[in-house]
Amino acid sequence: MRYSGRQLGRRGGDDIMDQPIPLRTPVVDDNGIITTPWVRWFRWVLDSVGGIVGEYKTLCESTQLSTSLVVLYTANSGRAALDKVTGANVSGGAVTVDVHIVPLNGAASAANKVVSAKSIAANATDIFPELTGQIMEAGSTLQAKASAATSINFRASGRDKL
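Remember, it's a predicted structure, so these values are computed and weren't measured experimentally. (Residues numbered from 1 in each chain as written. Predicted model: local features only at pLDDT ≥ 70, side-chain atom pairs only at ≥ 80, totals over all residues. Heavy atoms only, no water.)

**Concerning the nonpolar core**
Grouped together as the largest cluster of nonpolar side chains are 24 residues, with contacts concentrated most on Leu65, Val99, Phe128, Leu131, Met136, Leu142 and Phe154. Put simply, the parts of the chain that give this core at least two residues each are β1 (55-64), β2 (70-74), β3 (80-89), β4 (95-102), β5 (113-120), β8 (141-146) and β9 (152-160). (Core = buried A, V, L, I, M, F, W, Y, C linked by side-chain atoms within 4.5 Å. Buried < 20%, exposed > 50% of the residue type's maximum accessible area, 1.4 Å probe, protein only. Helix = DSSP H or I, 4+ residues; strand = E, 2+ residues; numbered from the N terminus.)

Structure (structure tokens):
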């Protein structure tokens, strides 16, 4: 059986929930990929509400970190959300990374440190799940440093103008 928004208690004409929900179809296949009926439904829902909020873009191009804090991104266009942050260790030894989200007119401190001494193995790339979904208020900055200069290539993408 396929349910629509009206069957789930919603009323109205061209309602976001009037699109049939493919309940009999698995959401993901055996490989963890979202199945086609669900992809169509998710796209329809996103289109119905005006799409993804904010402009998706690279917030910080690949930048080599130093041993002192570097401002990597400033939320100048309003609020921003971090979606994916990666660090690639291009050196021959393990290196640690500290990351802060510093509020407008603030300074990096223990109170705004969101990643503390995350170790990245030699010649490895790591993601920062601690940063995924973090909201940066207007004027706040993303700052980071490494335990060894020119060892970590740091990159962040996300949405701004939220």
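After presenting the structure, the write-up continues.
**A short note on the packing of aromatic side chains**
The tally for this structure, following the rule as stated, stands at one aromatic pair. Lying across the ring of Phe128, Lys118 places its NZ or CZ 5.2 Å from the centre. (Phe/Tyr/Trp six-rings, centres within 6.5 Å; stacked < 30°, edge-to-face > 60°. Lys NZ or Arg CZ within 6 Å of the ring centre and 35° of its normal.)

**Digging into the environment of Ala80**
Note that Ala80 resides in strand β3. Look at Ala80 and you get buried, because its relative accessible area is 0%. Between the C-alpha atom of Ala80 and that of Ala138, which follows or precedes it by 58 residues, the distance is 7.5 Å.

**Considerations on unusual backbone geometry**
Unusually for a residue other than glycine, Asn105 sits at a positive phi of about 60°. Among the secondary structure elements, Asn105 is positioned in the loop between β4 and β5. Residue Asn105 is classed as exposed on the basis of its relative accessible area of 78%. The backbone phi angle of Asn123 is positive, close to 55°, even though this residue is not glycine.

**Looking at the sheet that holds β2**
Spatial ordering of the open sheet is given by β2-β8-β4-β5, a layout of four strands whose pairing is antiparallel. Each end of this open sheet is capped by a strand with a single partner; those strands are β2 and β5. Along the sheet, successive strands turn relative to each other by an average axial angle of 20°, direction set aside. For β4 and β8, the ladder comprises six bridges, and the chain directions are antiparallel. Counted as the bridge partner of Asp98 is Lys145 from β8. (Pairing = 2+ DSSP bridges. Axes fitted to C-alpha atoms, helices over the stretch in contact; angles between N-to-C directions.)

**Notes on the environment of Gly106**
Within the secondary structure layout, Gly106 lies in the loop between β4 and β5. C-alpha of Gly106 to C-alpha of Ser140: the two residues are 34 residues apart in sequence and 8.2 Å apart in space.

**A look at the side chain of Asp98**
Within the fold, Asp98 resides in strand β4. The class of Asp98 is buried, set by a relative accessible area of 13%. Among the polar contacts listed, one links the side chain of Asp98 to the backbone nitrogen of Ala117, at a separation of 2.6 Å. Not counting residues within four places of it along the chain, the set of residues in contact with Asp98 comprises Lys113, Val115, Ser116, Ala117, Gln143, Ala144 and Lys145. (Polar contact = N/O pair within 3.5 Å; in protein donor to acceptor, adjacent residues only side chain to side chain. Contact = heavy atoms within 4.5 Å.)

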